[in-house]
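# Remarks on the overall topology
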Amino acid sequence: MIHSIKIKWSFCILSALSGIVGVLMLIVSFSINVGPPPGSSGPQLARFIDQFYKSVLWGAWLQAVGPVFVVLFAFALVHLCGASRRLSGWMTFFGATTLMTVNLIEVTFYICSLFTNPPGMTEVGIRLIDSVQHLYFIVSAPAVFLPLGTVLIRSRLIPRTLGYFALGLGGIFALVGMASLFTLALPASVTALGSIQALWWLAAAFSLLLRSRRIAALDYPEEA
């Protein structure tokens, strides 16, 4: 019994740390990979690449790897809530996979934009980045937060308020995705909404971390 509690306690701690580490990696990524100023000309883009070449690549690496830890944390929440065999749990897995796929596509276009041959590749890469950013709001963020919120409000794992916030975020992202559909290049005021989900992941991770000992001592089903 004691051994089982220790295992579950360790699992909760490692899962929470995974979420925290993933979000911190994303924060660093976006802070060092700011992108060129909107409307930059060809020569301005060339200067930007020369100056920030390594920063863009390190930012791309962090943005590719960081979400792996966030997705692992999301899977752990579903598992700890005993929802891995429920439809809401399956849809959370689907949403997290979709989020990861869209994220990796965007990272690919970051690297694509660094190619200077053939001429115009940088501009094409930036337009592709502008295009794929729509997918975060249209499908990937709602596909994660709506089912995950459903999982959390049916459990006492972390405060149910976070579950309701997740549902709200999913709805907001879906509405923003529809409202901005005809804006080909999303403005910074829209893309900045992504920082809200980072705050949610941190809040959920710290909640799990602070409750880990109590969770391990209670009889939470691993499957339901």
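Quantities reported herein were computed from a predicted structural model and do not represent experimental measurements.

Basis of the calculations
- Residues numbered from 1 in each chain as written.
- Predicted model: local features only at pLDDT ≥ 70, side-chain atom pairs only at ≥ 80, totals over all residues.
- Heavy atoms only, no water.
- Helix = DSSP H or I, 4+ residues; strand = E, 2+ residues; numbered from the N terminus.
- Buried < 20%, exposed > 50% of the residue type's maximum accessible area, 1.4 Å probe, protein only.
- Contact = heavy atoms within 4.5 Å.
- Core = buried A, V, L, I, M, F, W, Y, C linked by side-chain atoms within 4.5 Å.
- Phe/Tyr/Trp six-rings, centres within 6.5 Å; stacked < 30°, edge-to-face > 60°.
- Lys NZ or Arg CZ within 6 Å of the ring centre and 35° of its normal.
- pLDDT = per-residue confidence, 0-100.
- Axes fitted to C-alpha atoms, helices over the stretch in contact; angles between N-to-C directions.
- Parallel < 35°, antiparallel > 145°, perpendicular 65-115°, else oblique.
- Left-handed = near helix turned anticlockwise from the far one by under 90°.
- Nonpolar A, V, L, I, M, F, W, Y, C, P; charged D, E, K, R; others polar.
- Patch = residues over 30% accessible without salt bridge, like charges linked within 9 Å, V, L, I, M, F, W, Y side chains within 5 Å.
- Areas by Shrake-Rupley, 256 points an atom, 1.4 Å probe, with all protein chains shown as cover.
- Salt bridge = Lys/Arg side-chain N within 4 Å of Asp/Glu carboxyl O.

Right, let's get into the overall build of the chain. Secondary structure summary: the chain contains seven helices and zero strands in total. A principal-axis box enclosing the C-alpha atoms of the chain has dimensions of 65 × 35 × 25 Å. Residues classed as buried in the chain amount to 46% of the 224 residues present. For the chain, the share of sequence-separated contacts (at least 6 apart) that also reach a separation of at least 24 residues comes to 81%.

By secondary structure assignment, the location of serine 88 is in helix H3 (residues 87–112). Not counting residues up to four positions away in its chain, the partners in contact with serine 88 are Pro147, Thr150 and Val151.

Core analysis: the biggest nonpolar cluster contains 51 residues, and Phe145, Leu157, Trp200, Trp201 and Leu208 have the highest contact counts within it. Listing elements by their share of this core, those giving two or more residues are helix H1 (2–32), helix H2 (42–80), H3, helix H4 (121–153), helix H5 (160–179) and helix H7 (194–217). Apart from residues lying up to four places away in sequence, tryptophan 201 is in contact with Val23, Val70, Phe73, Ala74, Val144, Phe145 and Leu148.

To continue, consider the packing of aromatic side chains. If you walk through the whole model with that rule in mind, you get nine aromatic pairs. Relative to phenylalanine 173, the ring of phenylalanine 145 lies with its centre 6.3 Å away and its plane at 25°, an arrangement referred to as stacked. Highlighted residues: phenylalanine 145 in helix H4 and phenylalanine 173 in helix H5, separated in sequence by 28 residues. Note on accessibility: phenylalanine 145 and phenylalanine 173 belong to one class, buried. Residues phenylalanine 145 and tryptophan 201 carry aromatic rings whose centres are separated by 5.4 Å and whose planes lie at 40° to one another, so their mutual orientation is tilted. On the criterion of sequence distance, the pair formed by phenylalanine 145 in helix H4 and tryptophan 201 in helix H7 is long-range, its members being 56 residues apart. A single burial state applies to phenylalanine 145 and to tryptophan 201, both of which are buried. Counting every residue linked through ring pairs, the aromatic cluster contains Phe73, Phe137, Phe145, Phe173, Trp200 and Trp201. The lysine or arginine in question, arginine 213, covers the ring of tryptophan 9, its NZ or CZ lying 4.1 Å from the ring centre.

Chain-level pLDDT for the chain is 91 on average; 96% of the residues reach the 70-or-more range. A low-confidence stretch, residues 220–224 (pLDDT under 50), is modelled with 19 contacts involving residues beyond four sequence positions or located in other chains.

Moving on, we come to the packing of H3 against H4. Axis separation between H3 and H4 bottoms out at 8 Å; the angle between their running directions is 165°. Classified by the interaxial angle, the pair formed by H3 and H4 is roughly antiparallel. As for the relative orientation of H3 and H4, their crossing is left-handed in sense. For the contact of H3 with H4, the per-class residue count stands at 20 nonpolar, 10 polar and one charged.

On the surface, a nonpolar cluster with roughly 470 Å² of combined accessible area is contributed by Leu135, Ile138, Val139, Leu181 and Phe182. Considering the arrangement of structural elements, one finds leucine 181 in the loop between H5 and helix H6 (188–191). Under the relative-accessibility criterion, leucine 181 is labelled partly exposed at 44%.

This part takes up the packing of H2 against H3. The N-to-C vectors of H2 and H3 enclose an angle of 180°; their axes lie 9 Å apart at closest approach. Relative to H3, the element H2 is oriented roughly antiparallel. For the pair H2 and H3, the contacting residues are Val56, Leu57, Ala60, Gln63, Ala64, Pro67, Val68, Val71, Phe75 and Val78 in the first and Gly89, Thr92, Phe93, Ala96, Met100, Asn103, Leu104, Glu106, Val107, Tyr110 and Ile111 in the second.

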